[in-house]
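Commentary on secondary and tertiary structure
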Amino acid sequence: MDDEQTSPAGSDSSQPTSKGRLSRRSILSGLAAAGAGMAALPLAAACGSDKKDGPPGYGTGINDGFNGDIELDVRDSKPDWTPFEVKKAPEGAPNVLVVLFDDTGLASWSPYGGRINMPTLQKLADNGLTYTQWHTTALCSPTRSTMLTGRNHHVNRFAAITEATNGFPGSAGRLPAQCATVGQVLQDNGYSTFWVGKNHNVPEEDVSSGGAKSEWPLAKGFDRFYGFLGGETNNWYPDLVEDNRFIEPPQTPEQGYHLSKDLADNAIKMIRDQRSSNPSKPWYMWFCPGANHAPHHSPAEYAEKYKGQFDDGYEAYRTWVLQRMIDKGVMPKGTELTPLNPLPKDVAVEDDQVLPWNTLSPDQKRLFSRMAEVFAGFSEYTDAQVGRIIDFLEQTGQRDNTVVIYAADNGASGEGSPNGSVNENKFFNGYPDSLDENLQYIDVLGTPATYNHYPTGWAAAFSTPFQMFKRYAQFSGGTCDPLIISWPKGIKAKGELRHQYHHCTDIVATIYDVTGVPMPEEYRGVKQYPLNGVSMRYTFDDPNATTKKERQYYAMLGTRGIWQDGWKASSVHAALSDKGHFNDDNWELYHVDEDRSESKNLAKDNPDKLKELIALWNSEAADNYVLPLDDRTAVELLGIERPQSEPPRDKYVYYPDTAAVPEGVAVNIRGKSYKILADVDLGPDAQGVIFAHGSRFGGHTLFVKDGALHYVYNFLGIAPEQDFVSSQPLTPGKHVVGMEFNLQGKGANGESTGSTTLYIDGQPVGNGPMRAQVGKFTLAGDGLCVGRDSGDNVSQQYQHPGTFTGGTIAEVTIYTGKESYADLQKEAAAALSTE
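Now for a look at the structure at hand. Keep in mind the model is a prediction, meaning the values are calculated, not measured.

Scoring rules and cut-offs
- Residues numbered from 1 in each chain as written.
- Predicted model: local features only at pLDDT ≥ 70, side-chain atom pairs only at ≥ 80, totals over all residues.
- Heavy atoms only, no water.
- Helix = DSSP H or I, 4+ residues; strand = E, 2+ residues; numbered from the N terminus.
- Contact = heavy atoms within 4.5 Å.
- Lys, Arg positive; Asp, Glu negative; His and termini not counted.
- Charge placed at Lys NZ, Arg CZ, Asp CG, Glu CD.
- Phe/Tyr/Trp six-rings, centres within 6.5 Å; stacked < 30°, edge-to-face > 60°.
- Buried < 20%, exposed > 50% of the residue type's maximum accessible area, 1.4 Å probe, protein only.
- Lys NZ or Arg CZ within 6 Å of the ring centre and 35° of its normal.
- Core = buried A, V, L, I, M, F, W, Y, C linked by side-chain atoms within 4.5 Å.
- Axes fitted to C-alpha atoms, helices over the stretch in contact; angles between N-to-C directions.
- Parallel < 35°, antiparallel > 145°, perpendicular 65-115°, else oblique.
- Nonpolar A, V, L, I, M, F, W, Y, C, P; charged D, E, K, R; others polar.
- Polar contact = N/O pair within 3.5 Å; in protein donor to acceptor, adjacent residues only side chain to side chain.

**Some thoughts on the overall build of the protein chain**
Broken down by element type, the protein chain carries 18 helices and 28 strands. Each principal axis of the C-alpha atoms in the protein chain carries an extent, and together these give about 100 × 80 × 55 Å. Counting only contacts in the protein chain whose residues sit at least 6 apart along the sequence, the fraction spanning at least 24 positions is 73%. Averaged over its 75 positive side-chain charges, the protein chain has a centre that lies 4 Å from the centre of its 106 negative ones.

Spelled out as structure tokens, the structure:
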């Protein structure tokens, strides 16, 4: 019987005091001495109750685990701090720094034989291990989810990027409670935890000031966060979040700002702060720069380092780099190159094709070479920023016991189309690039004037010797990525290669192994899904150890593959092809242990092995929530209507002096007619932005300049801007100003076409034809603002940030419903007259 329960009548309640329990006799005696009224109170009311009313596994009460003595008087009691102490990390546990680049094929970087010089990475390779068969999911959000939890990406509900979730168990974009993150587990075991840079694991609909924070980094076990939540951001004008709030960049490009440097500054500051206050406590940091994802933004001096180094073209690069990889031992002797365009014509997607170098014009060669130079400069510059973090660790005596894991999240990116792009967002709008337009920007590639991305030829080259690139999960061109691990105190080997087959799911298991922190069977009362990964620590001191990885399935955007025991089966299907008919897919078979580049299809010679692997893929798909397969186009996936915390509506009202509203939760005008009305009170010198959404690479803005009202729709950054200017000047006083776009049809590439009318106080003051994007203004970032234009300007007719001055803006309302502009104007004017 618990001693807090009332004793039966006639029983002796004078029992000995129990450790960790309240002594009923002593407390009741004390209460009696204090006064009959007090003694009459129930024990639970006087002292609290230990009744077990929490969920299973929560113990028997608030005093559970307490081994002191509790008497009425603290002087007669004995404290016990044990159950209240914060758990400490295992003695001697190392710090862990995980550096995760984006979009980088195996043949890009110098430690692997590539032409891009990476001094910091080379230094780590010389003092650690270089892995040659480490694989990812072929896309960023899914890979990052595996490196958060150690589970397969569909188990994490990340079939694809957060912007492509489709409402099925494996593609919901929210980590399940059964998959605790490495941040949560390490945080609960005495580690400080930091996340710096890219996230891309928060659902798009939660990326807002008022949105749910349950998937933001601080809710996932990280003490601090500084970076961006979307899949990419402008490196000159990034969309920044600090902890749980949106912030503006601390500087402008003109002041020397670049995101890579800013991220390194903040990483060093976090470690310095922790070192100053808790030097004995180990830390875990996930450092995720925007590089090498588009836009490829490079300081000019770094791009210039590579002047002329890619003039031989991507096909020559493939031949050159493969030999370098063989010479370094990264690839075995006899490894063969794969075809540049390996997929059959009836399967391949036109935007993923590679133009043979010898078919290019001199202008194309010049442009494509420059795009590679800028990409290389971007990569090396960011590596130099990582070097600053490593230098700081050395200066503060932390480097020796810091495990550094330096990797990339998927293969080189083919999202630049065959001609490359000065605005990568065209890819996500299904809009082709123009060589003539691209050439106009050749001298400013990598600067704030472009959102550039190299052509598919360089994606294939930087993924040498494999087939295809990012998004293609059935081929190692999409999944085989750089990984270097350095830990001076824990790894004796220096400058050695490791060829064991591994996967991104194995990183978390390795971290738990080296830190001595076990993965809990339950976390916060929820039984945990087992880790899909295996620790790689067995490879640290044994270069010839047999891989402990048994099998690994792959599935991404309609592509499929599976590896087991050195054999791999790959579906012949293009990513984002919108062709479906998965039962009609052919499969290829490769003996990867003998054919690292996957150049020899053995399907006809080994039909039983192929059948075995296809059956295994089906089994893994069932066990890991992989189905249904989805190969719809980027425009279709990004346009899926997803549940929002706010109910659907036709009217959106926005106010000045607020944080930018991210695209995922802002009003959606894509493929619709829409109207914008602004209630303003203008002084004689009123000037600036009333409303803006997007950037110079796609967006629209309503502003006042030189007494005239302007509406600019910047269609995918293609010059000239579509500028509608009022035919009469704005006068001082209160006005309702705005515009209306009437959708009338579609253009040759699916863009919206129609007419736009500009209004002042209900009177049309300008009109003309207009085309509008059917996809997003940006994949992430450059949100909607009132009274300014955050980030990069939509229009070049005003300077950043285009702050509205000389008047006030009450509100801006955007309508996507069927109400007439005249009726809305009357409603707005009536509201304005009451102010």
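Continuing now.
**Some details on the packing of aromatic side chains**
Scanning the entire structure with this criterion turns up 35 aromatic pairs. Ring plane angle 35° and centroid distance 6.3 Å describe the contact between Phe-66 and Phe-84, whose orientation is recorded as tilted. Here Phe-84 lies in the loop between helix H3 (43-47) and strand S1 (95-101) and Phe-66 lies in the loop between H3 and S1, a separation of 18 residues in the sequence. Seen from their ring centres, Tyr-302 and Tyr-381 are 5.2 Å apart, and the 70° between their planes marks the pair as edge-to-face. Linking Tyr-302 in helix H8 (residues 300-304) with Tyr-381 in helix H10 (residues 362-395), this pair joins segments that are 79 residues apart in sequence. Like Tyr-381, Tyr-302 is buried. Pairwise contacts between aromatic rings join Tyr-306, Phe-310, Tyr-314, Tyr-317, Trp-320, Trp-357, Phe-375, Tyr-454, Trp-458 and Phe-462 into one cluster. The ring of Trp-216 has Lys-213 sitting right over it, with the charged end atom 4.6 Å from the ring centre. Geometry around Trp-617 places Arg-560 over its ring, the cationic atom sitting 5.3 Å from the centre.

**Quick look at the nonpolar core**
Ranked by size, the top nonpolar core spans 109 residues in total, and within it Leu-97, Phe-287 and Trp-458 carry the most contacts. The dominant element in this core, judged by the number of residues it contributes, is H10, at 13 residues. If we ignore the near neighbours within four places in the chain, the residues touching Leu-97 are Trp-283, Met-285, Phe-287, Ile-389, Ile-390, Leu-393, Thr-402, Val-403, Val-404 and Ile-405. In this structure, Phe-158, Trp-195, Trp-216 and Ile-405 belong to the second largest nonpolar core, which totals 47 residues.

**Remarks on helix H15 (residues 506-515)**
When you tally the buried positions in H15, you get 9 out of 10 residues, the bulk of the element. All of the buried residues in H15 are Asp-506, Ile-507, Val-508, Ala-509, Thr-510, Ile-511, Tyr-512, Val-514 and Thr-515. Two residues or fewer after H15 comes Gly-516, characterised by a positive phi angle close to 75°.

**Observations concerning the packing of helix H4 (residues 119-126) against H10**
Orientation of H4 relative to H10, taken along the N-to-C sense of each, is 50°, at an axis distance of 7 Å. If you check the angle between H4 and H10, you find them oblique. Judged by residue contacts, Pro-119, Thr-120, Leu-121, Lys-123 and Leu-124 of H4 engage Glu-380, Asp-383, Ala-384, Val-386, Gly-387, Ile-390, Asp-391 and Glu-394 from H10. Residues belonging to the contact of H4 with H10 are distributed by class as follows: 6 nonpolar, 2 polar and 5 charged.

**Brief notes about the side chain of Gln-274**
With respect to the helices and strands, Gln-274 occurs in helix H7 (residues 259-277). By relative accessible area, Gln-274 is classed as buried at 6%. At 2.7 Å, the side chain of Gln-274 and the backbone oxygen of Lys-281 are in polar contact. Dropping the residues within four chain positions of it, Gln-274 is found in contact with Ser-192, Phe-194, Pro-279, Lys-281, Pro-282 and Trp-283.

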